[in-house]
Amino acid sequence: MKCGRYIDVKRPVEGVPVPEVFRPYFCPSCLKKTGHDPFEPPFCSICGMKFYGDHLKNHRCGRCLGSPPDAGRVRAAGMYDGVMKEAVHLLKYSGRIGLALPLGALMLDAYRRYLSDLPLPLLVPVPLHPSKLGYRGFNQSFLLARNLCRRAVSDEGGGSKLSIDCHSLVRSRKTPSQTDFTVEQRKRNVKDAFDVTRTDHIRGRRVVLVDDVYTTGATCSEAAGRLLKAGAESVDTLVAARAF
Ligand SMILES: [Zn+2]
Ligand SMILES: [Zn+2]
């Protein structure tokens, strides 16, 4: 998917601890080059910031001890680096929507590991503004949530408790891309950018907000704050990749 080389999925990728699900999408040499940084404990029990050190246990980071973000518990399928970063970029900016499949599968694993204590969770993908959706043609967060759900249904049949709501949370204001923004600029940029159109679908629900990347958390916190204001009982956040 990256270099255009033919991929022999039967050929093992030696010495590279990358998730198996990427095998049909990247050749062994690309996987070897990009590598993988898994999202694993120890991390902040709230915002999911990863701690690097073997002796540490999960605990609250300094920032969450002070003022925890509205985004609730933030959990990820991997760190925003290596093959995860590559896959998210190819999905988002090159329209390789097939990558939502392995990414969704990894997000389901992360959901099961870290958020499965939620009874009847409602997945809410972070929406795009209609003009951006028109330009890109798809909402990557919706594709990730949908594939996560489909995977859960194919594994668990009718037993899957996951459902998606992609209509109740909307982007009411167009915001410029914030790739080069500072933390404060990002917060200002997304302020009041979301609206809840169907309060009755959100009220009392345990929401899992789904997004592709968690960077400073400005977008997810703003969206989560809006959902809480609409009466959601709790909001947690699940992303494909979490930046450091
Ligand atoms: Zn390659
Ligand atoms: Zn934290």
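A short tour of the structure in this document, coming up. (Residues numbered from 1 in each chain as written. Chains lettered and ligands numbered in written order. Predicted model: local features only at pLDDT ≥ 70, side-chain atom pairs only at ≥ 80, totals over all residues. Heavy atoms only, no water.)

1. Looking at the coordination of the zinc ion (ligand 1)
Next up, step 1: Protein-derived coordination of the zinc ion (ligand 1) comes from Cys-3 (SG), Cys-27 (SG) and Cys-30 (SG), at a distance range of 2.2 to 2.3 Å.
Next up, step 2: Of note, the zinc ion (ligand 1) draws all its donor residues from one chain, in the sequence arrangement C-x23-C-x2-C. Of this pair, Cys-3 sits in the segment before helix 1 (28-34) while Cys-30 sits in helix 1, and the two are 27 residues apart along the sequence.
Next up, step 3: Using a relative accessible area of 40% as the deciding quantity, one classes Cys-3 as partly exposed.
Next up, step 4: Overall, Cys-30 belongs to the buried group, its relative accessible area being 6%. (Donors = N, O, S within 2.8 Å, 3.2 Å for Na, K, Ca; no water. Helix = DSSP H or I, 4+ residues; strand = E, 2+ residues; numbered from the N terminus. Buried < 20%, exposed > 50% of the residue type's maximum accessible area, 1.4 Å probe, protein only.)

2. Some remarks on the nonpolar core
Next up, step 1: Ranked by size, the top nonpolar core spans 73 residues in total, and within it Phe-22, Phe-26, Leu-103, Leu-209 and Leu-227 carry the most contacts.
Next up, step 2: Ranked by residues supplied to this core, first place goes to helix 4 (residues 100-114) with eight residues.
Next up, step 3: Not counting residues up to four positions away in its chain, the partners in contact with Phe-26 are Lys-2, Ile-7, Leu-31, Val-83, Glu-86, Ala-87, Leu-90 and Leu-99. (Core = buried A, V, L, I, M, F, W, Y, C linked by side-chain atoms within 4.5 Å. Contact = heavy atoms within 4.5 Å.)

3. Points about the coordination of the zinc ion (ligand 2)
Next up, step 1: Donor atoms from the polypeptide that coordinate the zinc ion (ligand 2) comprise Cys-44 (SG), Cys-47 (SG), Cys-61 (SG) and Cys-64 (SG), at 2.3 Å from the metal.
Next up, step 2: Around the zinc ion (ligand 2) sit four donor atoms, and with donor-metal-donor angles ranging over 106 to 112 degrees the site reads as tetrahedral.
Next up, step 3: One chain supplies every donor for the zinc ion (ligand 2), spaced along it as C-x2-C-x13-C-x2-C. One exposure class covers both Cys-44 and Cys-47, and it is buried. (Tetrahedral: all angles 85-135°; square planar, octahedral: opposite > 155°, others 65-115°.)

4. Notes on the pattern of salt bridges
Next up, step 1: Enumeration over the complete set of coordinates arrives at twelve salt bridges.
Next up, step 2: Measuring nitrogen to oxygen at the nearest pair gives 3.7 Å for the salt bridge that ties Lys-187 to Glu-184. Here the residue Lys-187 and the residue Glu-184 both occupy positions in helix 7 (residues 183-190), the gap between them amounting to three residues, near one helical turn.
Next up, step 3: The partly exposed category is assigned to Lys-187, whose relative accessible area is 46%.
Next up, step 4: Notably, a salt bridge pairs Asp-192 with Lys-191, separated by 3.7 Å at the nearest N-O pair.
Next up, step 5: Judged by its relative accessible area of 48%, Lys-191 is partly exposed. (Salt bridge = Lys/Arg side-chain N within 4 Å of Asp/Glu carboxyl O.)

5. Observations regarding the packing of aromatic side chains
Next up, step 1: Applying the stated criterion across every chain yields a total of four aromatic pairs.
Next up, step 2: Arranged with centres 5.9 Å apart and planes meeting at 70 degrees, the rings of Phe-22 and Phe-26 form a pair that is edge-to-face. As far as the burial class goes, Phe-22 and Phe-26 line up, both buried.
Next up, step 3: Their ring planes at 20 degrees and their centres at 4.6 Å tell us that Phe-39 and Phe-43 sit as a pair that is stacked. (Phe/Tyr/Trp six-rings, centres within 6.5 Å; stacked < 30°, edge-to-face > 60°.)

6. Structural notes on the pairing of strand 2 (residues 121-125)
Next up, step 1: With five of five residues buried, strand 2 is to be regarded as a mostly interior element.
Next up, step 2: Of the two faces of strand 2, both are covered, the one formed by Pro-121, Leu-123 and Pro-125 as well as the one formed by Leu-122 and Val-124.
Next up, step 3: Inspection of the sheet shows strand 2 paired to strand 6 (residues 206-214) by five bridges, in the parallel sense. By the bridge assignment, Leu-122 is partnered in strand 6 with Val-207. (Pairing = 2+ DSSP bridges.)

7. Points about the layout of surface pockets
Next up, step 1: What the largest pocket holds in volume is close to 760 Å³.
Next up, step 2: Lining the largest pocket are 33 residues, with Lys-92, Tyr-93, Lys-132, Gln-178 and Arg-186 sitting closest to its centre.
Next up, step 3: Those elements that place two or more of their residues in the lining of the largest pocket are helix 3 (82-93), helix 5 (130-136), helix 6 (140-156), strand 6 and helix 9 (218-229).
Next up, step 4: Empty space within the second largest pocket amounts to approximately 330 Å³.
Next up, step 5: Along its surface, the second largest pocket is lined by 15 residues, and Arg-63, Pro-69, Lys-187, Gly-217 and Ser-221 are the ones closest to its centre.
Next up, step 6: Going through the elements one at a time, helix 2 (62-66), helix 7 and helix 9 are the ones with two or more residues in the lining of the second largest pocket.
Next up, step 7: Sort the elements by how many residues they give to the lining of the second largest pocket and helix 9 lands first, with three residues.
Next up, step 8: Of the residues contributing to the lining of the second largest pocket, the split by class is six nonpolar, four polar and five charged. (1 Å grid on protein atoms, 1.4 Å probe; cavity = no way out; pocket = protein on both sides within 12 Å on 5 of 7 lines; lining within 4 Å. Points joined across faces, edges and corners; volume = space filled by probe spheres on them. Nonpolar A, V, L, I, M, F, W, Y, C, P; charged D, E, K, R; others polar.)

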